[in-house]
Amino acid sequence: MKKVAVFGMGYVGCVTAACMSRDGHRVIGVDIDQAKVDSIAGGTSPVEEPGLEALISEQVAAGRLTATCDVDQAVRDTELGLIAVGTPSSDDGAVSSQAVERVIESLGGVLNQEKKPYTVVIRSTLLPGILEERLAPLLEEAVGRAMSEDIVLCNNPEFLRETTAIRDYDQAPFVLVGAADSAQAQAVFDLYSKTSAEQIVTDTRTAAMVKYSCNAFHAMKVAFANEIGALAKAFGADGQEVMQLLCRDHKLNISPAYLRPGFAFGGSCLPKDVRALARHAQRHAIDVDLLASLLSSNDAHLRRAHRLIQNTGKKAIGLVGLSFKAGTDDLRESPQVVLAETLLGRGYDLRIYDPGVMVSRLRGTNLAYVDEHLPHLAALLVPKPSMLYEHADLLVLGTEVASGINWRSDFSGEVLDLRRDLVTARSSMAVS
Ligand code: NAD
């Protein structure tokens, strides 16, 4: 059993406080709004949420859930504080962390006097970086000593949906904690010992980003489904049936397929078919901004790759992989081809290795594609990886062709792995 203070008795805070007290913890709800505090103290819910009022009433009667406006008392009587206050949009659209900062200042002030170990958990949704760069220094300043093992700051993003919040709490996909190490995270996991959800610990920036990614993903799914629906209608088809059938494919559609960030998409189908849909929509004045943005989003990713290469200052480049994925000789709209063209156009000294694309074996469409798009290709392709290593001072890994060669042991220059270096701040070597 833990003694917990939950700051912010809104939708998230109330559900969290009620469920945690139901699961055996002693919980103090804290809010600046006296009416909300009175409501909980009287056994009623200050927010409308199915099942919540009954739970609050039961927990208050059992003496496990109390509420107060008094931060001093709440911090003195607990070992862990969950912050679930609002983080609304500012006028310019940025997230406002003001309410969270006020809580940090006031609870830190109490800890300055109390000198006891305490864990502060950010449950509110905040962009990565705010905890590390704004809240941590603020907490240290308020507590009056450097963050140490006895003062812990971590985050535990919230995935509840209003109207099904209690069920979502009990059947969470996972409990995610961002912390410096698993010992710090354990104090938070202990709060969820009654739920069977998988417990995952990561760093605080990744945890915060997961929350934003989930909401962006949900918003994108709705926008995508609506755009497909609008196009289907214009084509005389039934958009609801189209999406129902799309969702029945659990291999490629409702699955992790295509959801691993890395390099740009390409190939003979995706760009062509997205372009056809966007073109049709444009001709018929159907606004499908999301679909229409896919190819320019992909181009932007390619430009990021080029910038990454440019920033190394290296000029002798060895590109691993030329077709849009390993194991095919199909070069149509391969992003690696576009990248190679850009590099050549800007004066880089390029060699390419791709065992699936040997000019001597290319025929038909692929040969025509090479002739049209990359006429110098034959001179640039090398038959052995060792020839790439000899030539290059920068190796650029573009596709899974890289997994089949021994670049780690055989190449001593700089390496850029486009399968991960465009999308992760962690060092390639440290993780792989
Ligand atoms: P809310 O606006 O319903 O409640 C916030 C509460 O915090 C209010 O009762 C307010 O009086 C209180 N508060 C403000 N300043 C305070 C302070 N200094 N001390 C104590 N209490 C204070 O907010 P919400 O909808 O519960 O959202 C809280 C956070 O959780 C936000 O970051 C939100 O983005 C995130 N979130 C919300 C949901 C949701 O379904 N509503 C789901 C997941 C995550």
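So, here is what we can say about the structure in this document. All of these numbers come straight from a predicted model, not from anything done at the bench.

**Notes on the overall build of the protein**
Inference 1: Per the secondary structure count, the protein includes 18 helices and 12 strands.
Inference 2: Principal axes of the C-alpha set define a box for the protein whose edges measure 80 × 60 × 40 Å.
Inference 3: Counting every position in the protein, which comprises 432 residues, the buried fraction comes to 45%.
Inference 4: Residue pairs in contact within the protein that sit at least 24 positions apart in sequence constitute 70% of those at least 6 positions apart.
Inference 5: Here the protein displays about 21800 Å² of accessible surface, and carbon together with sulfur accounts for 52% of that area.
Inference 6: Counting 43 positive and 54 negative side-chain charges, the protein places the centres of these two groups 5 Å from one another.

**Notes on the pattern of salt bridges**
Inference 1: Taken as a whole and judged by the stated rule, the model has 17 salt bridges.
Inference 2: For K272, the salt bridge identified is with D273, shortest N-O distance 2.9 Å.
Inference 3: Taking the relative accessible area as the measure of exposure, K272 reaches 44% and is therefore partly exposed.
Inference 4: On the basis of relative accessible area, D273 is assigned to the partly exposed category, the value being 39%.
Inference 5: Each of R22, D23 and D170 takes part in one network of salt bridges that share partners.

**With respect to the layout of surface pockets**
Inference 1: Of the volumes computed, that of the second largest pocket is approximately 950 Å³.
Inference 2: Lining of the second largest pocket is provided by 38 residues; of these, V12, A84, R123, S124 and E158 occupy positions nearest its centre.
Inference 3: Listed by contribution, the elements that provide at least two residues to the lining of the second largest pocket are α1 (11-22), α5 (98-114), α7 (165-170) and α9 (204-234).
Inference 4: If you tally residues by element for the lining of the second largest pocket, the top one is α9, at 5 residues.

**Focus on the packing of α9 against helix α12 (residues 289-312)**
Inference 1: Their axes nearest at 8 Å, the elements α9 and α12 cross at an angle of 110 degrees. Viewed along their axes, α9 and α12 adopt a mutual orientation that is roughly perpendicular. The residues of α12 that touch α9, namely those facing M220, A223, F224, E227, I228 and L231, are D289, L290 and L291.
Inference 2: Residue classes in the contact of α9 with α12 are distributed as 7 nonpolar, no polar and 2 charged.

**A look at the site of the ligand**
Inference 1: Taken together, 21 residues sit near the ligand, with V12, D31, K36, T87 and E162 positioned nearest.
Inference 2: Between the ligand and V12, the relevant distance is 2.8 Å, taken from an oxygen atom to a main-chain nitrogen or oxygen of the residue.
Inference 3: At 2.7 Å, a side-chain N or O of K36 approaches an oxygen atom of the ligand.
Inference 4: A total of 840 Å² of accessible area belongs to the ligand in isolation, and the protein chains cover 77% of it.
Inference 5: Put simply, the ligand lies in the second largest pocket.
Inference 6: Broken down by secondary-structure element, the contributors of at least two residues to the shell around the ligand are α1 and α5.
Inference 7: The class makeup of the residues in the shell around the ligand is 10 nonpolar, 6 polar and 5 charged.

**Re the sheet that holds strand β11 (residues 394-397)**
Inference 1: Strand order across the open sheet formed by 4 strands is β10-β9-β11-β12, with parallel pairing between neighbours. With one partner strand each, in any of the chains shown, β10 (349-353) and β12 (414-417) form the two edges of the open sheet. Neighbouring strand axes in the sheet, compared pairwise and without regard to direction, differ in orientation by 20 degrees on average.
Inference 2: Here 4 bridges tie strand β9 (residues 316-320) to β11, and the two strands are oriented parallel to one another. Residue pairing across strands places L319 opposite V396, the latter belonging to β11.
Inference 3: In the packing of α12 onto the sheet, contacts are made with β9, β11 and β12, and the angle to β12 comes to roughly 170 degrees.

**Thoughts on the nonpolar core**
Inference 1: L52, L82 and L191 are the most contacted members of the largest nonpolar core, which has 37 residues in total.
Inference 2: With 6 residues, α1 is the largest single contributor of residues to this core.
Inference 3: Apart from the residues lying within four places of it in its own chain, the contact partners of L52 are C14, V15, A18, S45, V47 and I166.
Inference 4: In this structure, V85, V100, I122 and L131 belong to the second largest nonpolar core, which totals 29 residues.

Cut-off values and rules
Starting from 1, residues in each chain are numbered consecutively following that chain's sequence as written. Totals for whole chains, interfaces and linings use every residue, but because this is a predicted model, local features are given only for residues with pLDDT of at least 70 and side-chain atom pairs only at 80 or more, for both listing and counting. Working from all heavy atoms in the structure, the side-chain values ignore hydrogens and water. Starting at the N terminus, helices and strands are each numbered in turn, a helix being any DSSP run of H or I of at least four residues and a strand any DSSP run of E of at least two. For every residue, the accessible area obtained with a 1.4 Å probe (protein chains only) is divided by the maximum for its type, and the residue is called buried under 20%, exposed over 50%, and partly exposed between those limits. The contact criterion used throughout is that any non-hydrogen atoms of two residues lie within 4.5 Å. Here, Shrake-Rupley sampling with a 1.4 Å probe gives the accessible areas, and only protein chains in the shown set may cover a residue. When charges are counted, Lys and Arg are positive and Asp and Glu negative, with His and the chain ends excluded. Charge positions are represented by NZ for Lys, CZ for Arg, CG for Asp and CD for Glu. One side-chain nitrogen of Lys or Arg within 4 Å of one carboxyl oxygen of Asp or Glu is enough to make a salt bridge. In this analysis a 1.4 Å probe is tested at points of a 1 Å grid over the protein atoms alone, and where it fits but cannot get out there is a cavity; an open set with protein on both sides within 12 Å along at least five of seven lines is a pocket; lining residues have an atom within 4 Å of a point. Grid points are joined across faces, edges and corners, and a volume is the space filled by probe spheres set on the points. Only C-alpha atoms enter the line fits that serve as axes; for helices the fit covers just the stretch in contact. Angles between N-to-C directions range over 0 to 180 degrees. Any angle that is under 35 degrees is reported as roughly parallel, and any over 145 degrees as roughly antiparallel; angles of 65 to 115 degrees are reported as roughly perpendicular and all others as oblique. Throughout this entry, Asp, Glu, Lys and Arg are counted as charged residues, while Ala, Val, Leu, Ile, Met, Phe, Trp, Tyr, Cys and Pro are counted as nonpolar. The remaining residues, Gly among them, count as polar. Working definition: residue near molecule or strand if any one of its non-hydrogen atoms lies within 4 Å of it. Two N or O atoms count as a polar contact when they lie within 3.5 Å, although within protein this holds only if one can serve as hydrogen donor and the other as acceptor, and sequence-adjacent residues are included solely when both atoms are side-chain atoms. Assignment of a molecule to a cavity or pocket requires that more than half of its atoms lie within 2 Å of the corresponding grid points. Here, a strand pair is defined by DSSP locating no fewer than two bridges between the strands. We call a set of buried residues a nonpolar core when its members are Ala, Val, Leu, Ile, Met, Phe, Trp, Tyr or Cys and they connect through side-chain atoms within 4.5 Å of each other.

Shape is all these values report; function is a separate question.
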